[in-house]
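Chain by chain, the residues run as shown.
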Amino acid sequence: MTLTEKSHCIKQIAAEHGFLLSGIAKLRPLEEERSHLEEWLQEGHHGEMQYMANHFEMRLDPSLLVPGSQSIISLSYNYFSHDLKNKHVPKVGMYASGSDYHKVLKKKLKTLWKTILEELKEPAKGRFFVDSAPVMERQWAQQAGLGWTGKNSLLIHPKHGSYFFLAEIISDLELEYDEPIKDYCGTCTKCIDACPTDAIASNGYVLIANKCISYLTIESKSDIPSEHKSQMNGWVFGCDICQQVCPWNRFSTPHTESEFYPKTDFSTWTFDQWESMTEQDFETTFGKTPLKRAGFEKIKKTLKSLKPG
């Protein structure tokens, strides 16, 4: 196969395995990101996420993570299901409604890579990741043409919006490489204006993560800061506000992945129902979902901060 044929084959297989988009970038050190990452860390925008400061050089150069690699195959997987914008109950980020995406997509990537090797009929080495290694997945997805980095710091595609997970296969395959697409945010500031905690820099493109509702309800081990308690808008885990207001998400279409459907319909639970939840109830309902990351005690503390009155 030619490089073009191999690349086309990989993308076709990815689509057959349910991935929304796929693109390929030439592996290289992301030196243009060095100063941005350094400044972001120096400003303390990562808050308690100390792991973001680890493996600094590896984040910039994936060849240190996967020696001998030449290409990064970036992939996206749709998780759009429903919009909770008008719900006056405790809310959970859309991505967290079903089974933990790390496990679901890791299985899919394993099968995908096996199929790719069978179809290409040539020896190749590769490793695949789903938000599980020091890989700057958004930047690589942008390099592979899967979208542009929006002012809310999320990857946005002009035909599919931003409600998708990112994953990547880093391999020693030599392939044909895609080009980045242009930024279509223009003069829009809807995400900046809508963020209740001002977690997006005034000019966009920088996330002040330690002010983000998702960070406050998931990553932070501390109580919700008093200055943010009235700004949480009912979010008990995660937040979708900057995506809900993004004009490009009018093109989002519901996913068909059974693993991402909630096993229990908790979208209408009242504060009282959430508060009456026992630890066993939590394990039964959320034990295999992303909410497990925050844990029962964190969820309870967040609920206490959110309850009206």
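For the structure itself, look to the data block above.
In this text, all values refer to a predicted model and were calculated from it rather than measured experimentally.

Caption draft 1: Just the sheet that holds strand 2 (residues 71–78), in detail. Pairing within the open sheet is antiparallel, and its four strands lie in the order 1-2-7-4. Lying at the two open borders of the sheet, with one neighbouring strand each, are strand 1 (21–26) and strand 4 (126–129). Neighbour to neighbour, the strand axes of the sheet diverge by 20 degrees on average, direction disregarded. In this structure, strand 4 lies alongside strand 7 (residues 164–171), joined through four bridges in antiparallel fashion. Within strand 7, the residue paired with Phe128 across the bridge is Ile169. The sheet contacts of helix 1 (residues 3–16) involve strand 1 and strand 2, and relative to strand 1 the element is tilted by about 145 degrees. Its contacts with the sheet put helix 4 (residues 101–120) on strand 2, strand 4 and strand 7, and the angle it makes with strand 7 is roughly 40 degrees.

Caption draft 2: Just the packing of helix 1 against helix 4, in detail. Look at helix 1 against helix 4: their axes get within 10 Å of each other, and the N-to-C directions meet at 140 degrees. Crossing hand, helix 1 versus helix 4: right-handed. Contacts from Lys6, Cys9, Ile10, Ile13 and Ala14 in helix 1 reach Leu112, Thr115, Ile116, Glu119 and Leu120 in helix 4.

Caption draft 3: Region of interest: the side chain of Thr217. Assignment of secondary structure puts Thr217 in helix 7 (residues 213–219). Within the structure, the side chain of Thr217 is placed 2.9 Å from the backbone oxygen of Ile213, a separation counted as a polar contact. A distance of 3.3 Å separates a polar atom in the side chain of Thr217 from the backbone oxygen of Ser214. What Thr217 contacts, discounting residues up to four positions off in sequence, is Met232, Trp235, Val236, Phe237, Gly238, Ala294, Lys298 and Thr302.

Caption draft 4: Representation of unusual backbone geometry in the model. A positive phi angle, close to 55 degrees, is found at Asp198, a residue other than glycine. Note that Asp198 resides in the loop between helix 6 (190–194) and helix 7. Unlike most non-glycine residues, Asn233 shows phi in positive territory, near 55 degrees.

Caption draft 5: Just the pairing of strand 7, in detail. The buried fraction of strand 7 amounts to eight of the eight residues, a majority that puts the element mostly inside the structure. Of the two faces of strand 7, the one lined by Phe164, Leu166, Glu168 and Ile170 and the one lined by Phe165, Ala167, Ile169 and Ser171 are each fully buried. In this structure, strand 2 lies alongside strand 7, joined through eight bridges in antiparallel fashion. Each bridged residue has a counterpart across the sheet, and for Ser76 the counterpart in strand 7 is Leu166.

Criteria and thresholds
Residues numbered from 1 in each chain as written. Predicted model: local features only at pLDDT ≥ 70, side-chain atom pairs only at ≥ 80, totals over all residues. Heavy atoms only, no water. Pairing = 2+ DSSP bridges. Helix = DSSP H or I, 4+ residues; strand = E, 2+ residues; numbered from the N terminus. Axes fitted to C-alpha atoms, helices over the stretch in contact; angles between N-to-C directions. Contact = heavy atoms within 4.5 Å. Left-handed = near helix turned anticlockwise from the far one by under 90°. Polar contact = N/O pair within 3.5 Å; in protein donor to acceptor, adjacent residues only side chain to side chain. Buried < 20%, exposed > 50% of the residue type's maximum accessible area, 1.4 Å probe, protein only.

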